[in-house]
Amino acid sequence: MRIEITKGLVLSAYTTTRNSLTEILFPAGEYLANLTPEGKIEILNTGASKAQFSFSQFREKLSLGEFVLIEA
């Protein structure tokens, strides 16, 4: 799916380059998002970083207008 982040957000994201969770800036713009096998929604920032949200966290971001679902 594709989402739009409406304003720049600093999110906890997993980085493959450091193999750890860190705070990463997700600037406003469009992003790819996937459903993980664990049932979470994963937003891809770059090939090396991604943030994961539960459905309730994702729904909250949608209701606050921080995320806009572009394509499911």
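Everything in this summary refers to the structure shown in the same document. (Residues numbered from 1 in each chain as written. Predicted model: local features only at pLDDT ≥ 70, side-chain atom pairs only at ≥ 80, totals over all residues. Heavy atoms only, no water.)

## Overview of the pairing of strand S5 (residues 41–46)
Stage number 1. One ladder, built from 4 bridges, connects strand S4 (residues 29–35) with S5; its direction is antiparallel. Within S5, the position partnered with Ala 33 by the bridge is Ile 43.
Stage number 2. Linking S4 back to S5 in an antiparallel pair, the connection comprises 5 residues, with Gly 39 at a positive phi of about 85°.
Stage number 3. Here S5 folds back onto strand S6 (residues 49–53), and the loop between the two strands holds 2 residues. (Pairing = 2+ DSSP bridges. Helix = DSSP H or I, 4+ residues; strand = E, 2+ residues; numbered from the N terminus.)

## A closer look at the side chain of Thr 15
Stage number 1. In this fold, Thr 15 is placed in strand S2 (residues 9–15).
Stage number 2. Apart from the residues lying within four places of it in its own chain, the contact partners of Thr 15 are Ser 20, Thr 22, Ile 24, Ala 48 and Ser 49. (Contact = heavy atoms within 4.5 Å.)

## So, the pattern of salt bridges
Stage number 1. In total, this model carries 2 salt bridges according to the counting rule given.
Stage number 2. Glu 30 is the partner of Arg 2 in a salt bridge, and the nearest nitrogen-oxygen pair spans 3.1 Å. Here the residue Arg 2 occupies a position in strand S1 (residues 2–5), and Glu 30 occupies one in strand S4, the gap between them amounting to 28 residues.
Stage number 3. For Glu 30, a relative accessible area of 47% corresponds to the partly exposed category. (Salt bridge = Lys/Arg side-chain N within 4 Å of Asp/Glu carboxyl O. Buried < 20%, exposed > 50% of the residue type's maximum accessible area, 1.4 Å probe, protein only.)

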